[in-house]
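# Results of the structural survey
The primary structure of each chain is shown beneath.
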Number of protein chains: 2
Amino acid sequence: MIESTLVSVDVIVLRFDPDARAVLVGVATRAQEPFAGELALPGVLLGRGERLRDATTRAVTGKLGLAEKSVTATGQLATFDEPSRDPRGPTLSIALWATVTRSTGDLAVWSRLDAVPALAFDHDRIVADCRPLLADKLWRDVPFTAGLLGPEFTTAQALDVTESLTGDRPYPANLGRTMDRVPGLGRTSEHAAALPKGGRPPLVWKWSSEAVRA
Amino acid sequence: MIESTLVSVDVIVLRFDPDARAVLVGVATRAQEPFAGELALPGVLLGRGERLRDATTRAVTGKLGLAEKSVTATGQLATFDEPSRDPRGPTLSIALWATVTRSTGDLAVWSRLDAVPALAFDHDRIVADCRPLLADKLWRDVPFTAGLLGPEFTTAQALDVTESLTGDRPYPANLGRTMDRVPGLGRTSEHAAALPKGGRPPLVWKWSSEAVRA
DNA sequence: CCAAAAGTGTTAGTGCTACACCCATGC
DNA sequence: GCATGGGTGTAGCACTAACACTTTTGG
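Description of the structure in this document. Position labels on residues start from 1 in each chain and follow its written sequence. Numbering of ligands from 1 and lettering of chains from A proceed in the order in which they are written. For this predicted model, a pLDDT threshold of at least 70 governs which residues receive local features, and a threshold of 80 or more governs which side-chain atom pairs are given and counted, while totals over whole chains, interfaces and linings are taken from all residues. The side-chain numbers reported here are obtained from all heavy atoms of the structure, hydrogens and water having been left aside.

## A look at the overall build of chain A
What chain A contains, in helices and strands, is six helices and ten strands. The globule rule puts the C-alpha radius of gyration for 214 residues at 17 Å, and the 18 Å found for chain A is close to it. In terms of its C-alpha atoms, chain A occupies a principal-axis envelope of roughly 60 × 35 × 30 Å. Counting over 214 residues, chain A shows a buried share of 50%. Across chain A, contacts joining residues at least 24 apart in sequence account for 63% of those joining residues at least 6 apart. In the structure as shown, chain A presents an accessible area of about 10200 Å², 52% of it carried by carbon and sulfur atoms. In this text, helices come from DSSP runs of H or I with a minimum length of four residues, and strands from runs of E with a minimum of two, each type numbered from the N-terminal end. Note on method: radius of gyration uses C-alpha positions; expected globular size equals 2.2 Å times residues raised to 0.38. Under the scheme applied here, a residue whose accessible area is under 20% of the maximum for its type counts as buried, over 50% as exposed, and between as partly exposed, the area being computed with a 1.4 Å probe on protein chains only. Contacts were defined at the residue level, with two residues in contact if any of their heavy atoms lie within 4.5 Å. Exposure was quantified through the Shrake-Rupley algorithm and a 1.4 Å probe, taking into account, for residues, occlusion by the shown protein chains and nothing else.

## Overview of the packing of helix α4 (residues 155–166) of chain B against helix α5 (residues 172–180) of chain B
In helix packing, the relevant descriptors are the interaxial angle and the interaxial distance, both defined with respect to the helix axes. All names here are of chain B. To obtain each axis, a line is fitted to C-alpha atoms, and for helices this fit is confined to the stretch in contact; angles are then taken between N-to-C directions over 0 to 180 degrees. For the pair α4 and α5, interaxial distance at closest approach is 10 Å and the crossing angle is 90°. As judged from the angle between their axes, α4 and α5 are roughly perpendicular. Judged by residue contacts, A158, L159 and T162 of α4 engage P172, L175 and M179 from α5. Three classes are used: nonpolar for Ala, Val, Leu, Ile, Met, Phe, Trp, Tyr, Cys and Pro, charged for Asp, Glu, Lys and Arg, and polar for all others, with Gly counted as polar. Here the residues of the contact of α4 with α5 are counted per class, giving five nonpolar, one polar and no charged. By definition in this entry, angles of less than 35 degrees are roughly parallel, angles greater than 145 are roughly antiparallel, angles of 65 to 115 are roughly perpendicular, and the rest are oblique.

## Looking at the protein's contact with DNA strand D
If you check the shell around DNA strand D, you find 22 residues, and the closest are R181 of chain A together with A173, K197, G199 and R200 of chain B. Summary of the distance rule: residues count as near a molecule or strand when at least one heavy atom falls within 4 Å of that molecule or strand. For DNA strand D, the fraction of atoms within 4 Å of the protein that belong to sugar or phosphate moieties is 56%. Throughout this description, a polar contact denotes any pair of N or O atoms lying within 3.5 Å of each other; where both atoms belong to protein, one of them has to be capable of donating a hydrogen while the other can accept it, and for residues adjacent in sequence the pair is counted only when both atoms sit in side chains. In the model, a phosphate oxygen of DNA strand D is placed 2.8 Å from a nitrogen or oxygen of the K197 of chain B side chain. Elements with a contribution of two residues or more to the surface near DNA strand D: α5 (172–180) of chain A together with α4 and α5 of chain B. Looking at the surface near DNA strand D, the element that brings in the most residues is α4 of chain B, giving three residues. Classifying every residue of the surface near DNA strand D by side-chain character gives eight nonpolar, six polar and eight charged.

## Observations concerning the interface of chain B and chain A
Listed by partner, the interface residues are 26 residues for chain B and 26 residues for chain A. Here the quantity called buried area is the accessible surface, traced with a 1.4 Å probe, that two parts lose on coming together, added over both. Carbon and sulfur atoms supply 54% of the area that chain B and chain A bury against each other, a total of about 2500 Å² over both sides. One side-chain nitrogen of Lys or Arg within 4 Å of one carboxyl oxygen of Asp or Glu is enough to make a salt bridge. Summed over the shared surface of chain B and chain A, the result is four salt bridges. Counting across the interface, chain B meets chain A through eleven residue pairs in polar contact (both at pLDDT 80 or more). Taken together, the elements giving at least two residues each to the side of chain B that touches chain A come down to β1 (6–17), α1 (52–64), β5 (71–80) and β6 (91–100) of chain B.

## Notes on the sheet that holds strand β8 (residues 152–154) of chain B
Residue and element names in this part refer to chain B. Two strands form a pair only when DSSP identifies at least two bridges running between them. Reading across the sheet, the three strands line up as β8-β10-β9 and stay open at both edges, with antiparallel pairing between neighbours. Either end of the sheet is taken by a strand with one partner, and the two such strands are β8 and β9 (185–191). Averaged over neighbouring strand pairs, the angle between their axes works out to 35° when direction is ignored. As paired strands, β9 and strand β10 (residues 203–207) are joined by four bridges and run antiparallel to one another. Among the inter-strand pairings, R187 is bridged to a residue of β10, identified as W205. Along the sheet face, α4 touches β8 and β10 and points at about 85° away from the line of β8.

## Some remarks on helix α3 (residues 142–149) of chain A
All names here are of chain A. Judged by how many residues are buried, α3 sits mostly within the fold: seven of eight residues are covered. Taken as a whole, α3 has its buried residues at V142, F144, T145, A146, G147, L148 and L149. Sitting at the amino-terminal end of α3 is D141, which places a side-chain oxygen 3.2 Å from the backbone nitrogen of F144. The first or second residue beyond α3 is G150, which carries a positive phi of 85°.

## Some remarks on the packing of helix α2 (residues 123–137) of chain A against helix α4 (residues 155–166) of chain A
Residues and elements named next belong to chain A. Their axes nearest at 8 Å, the elements α2 and α4 cross at an angle of 150°. Taken together, the axis directions place α2 and α4 in an arrangement best described as roughly antiparallel. Handedness of the α2/α4 crossing: left-handed. Contacts between α2 and α4 involve R131, L134 and A135 from the first element and S164, L165 and T166 from the second. Crossing handedness is defined as follows: a turn of the near helix away from the far one that is anticlockwise and smaller than a right angle gives a left-handed crossing, while the clockwise case is right-handed.

Pasting the structure below:
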């Protein structure tokens, strides 16, 4: 009988901060060795028979101090199998994403996606490898997009999120047409408040009830 | 201390058969319970510290009877975490792909990708879920494409492979332009023999030396 | 009135799909 | 020559990026 590898679940937790106008990643200071005191992605060992989704929320609640209800969506990214990635011994790491709502959580350190600090283990590499995968999900993966932006949002916020994930800011007109083609997403007749600097108040977008459920 | 889940590696083994003019999937009859006598994807339990790549070749050589050298490329697909997928207890399944060369292997049963027989465990679901992922890799993932078609191949074979994976047969002219944009792939001045039925002899395509190495 | 920012309409460019036509083979 | 099937060129179409122009806010 072969002894099996340990499986850890490491989560890239994303939150859109409308004040910072950027997507933030939640990391936590490690309480235990190895790498005690250093920052790392929230991660847990996968329990026997545990679903990946449950392990993801366990990591988010346990390591970042967020409430279970604040997790809006989760999904898979990739698997990392470098045997030397954990000094305690070989562990497989399954990288997942989770989107959470505004409530910040006591233990979480939030940093912009384009300026993630140095992390423990091979987490720098995980973040680097997964960034293009995350950018690809925006406007294509509906649960991901809805989880990140919430049930309703403005064009201005959509511009900020797109810039955070892809690296450049689209023209508002073109982004509007992109969003028109996202299933379950539609314009409303409402307008939000303008930014303090002025400018035209942006449109409010909403998900249809079916899209939110799925 | 939490007891960890067992991790199995299940491989979708692909081979292009120029005679059948189709991409074939290699499955094997299970020797042991559960599901003894039924067909299943080749899979093994991941050993402690074992790389996914090594487990993949171990599954291909052990369960299909192919030589280690015949594995031309491997890669990840997705992870399946349904706890009831194995009657022996909860196991995580990491689905991978492998491309192999012509040598058939004693234990392998080959079937067309569009007519895979009923399989044990949740392997039907794995194949169904991963088919679009595989189709997406063709002409985009260079190691996958090169592994499937080999170091040189004809336009006619490229047409057959595309039809097997995507479900419809492109126009030769358009496929040629698609292949012109694949990095590392180029036309040669050679022509292969025509089919027994006649017709114009197809062009031969080759990978540049750098592409084969990567 | 001016700056800022979003929305509307339009246009050039790009890439994909389909097909008419030409070429090379087996029979 | 005729059927078969790959190769060449080209037209139509959808999608995208870019921008001129308009609208609505704050100062």
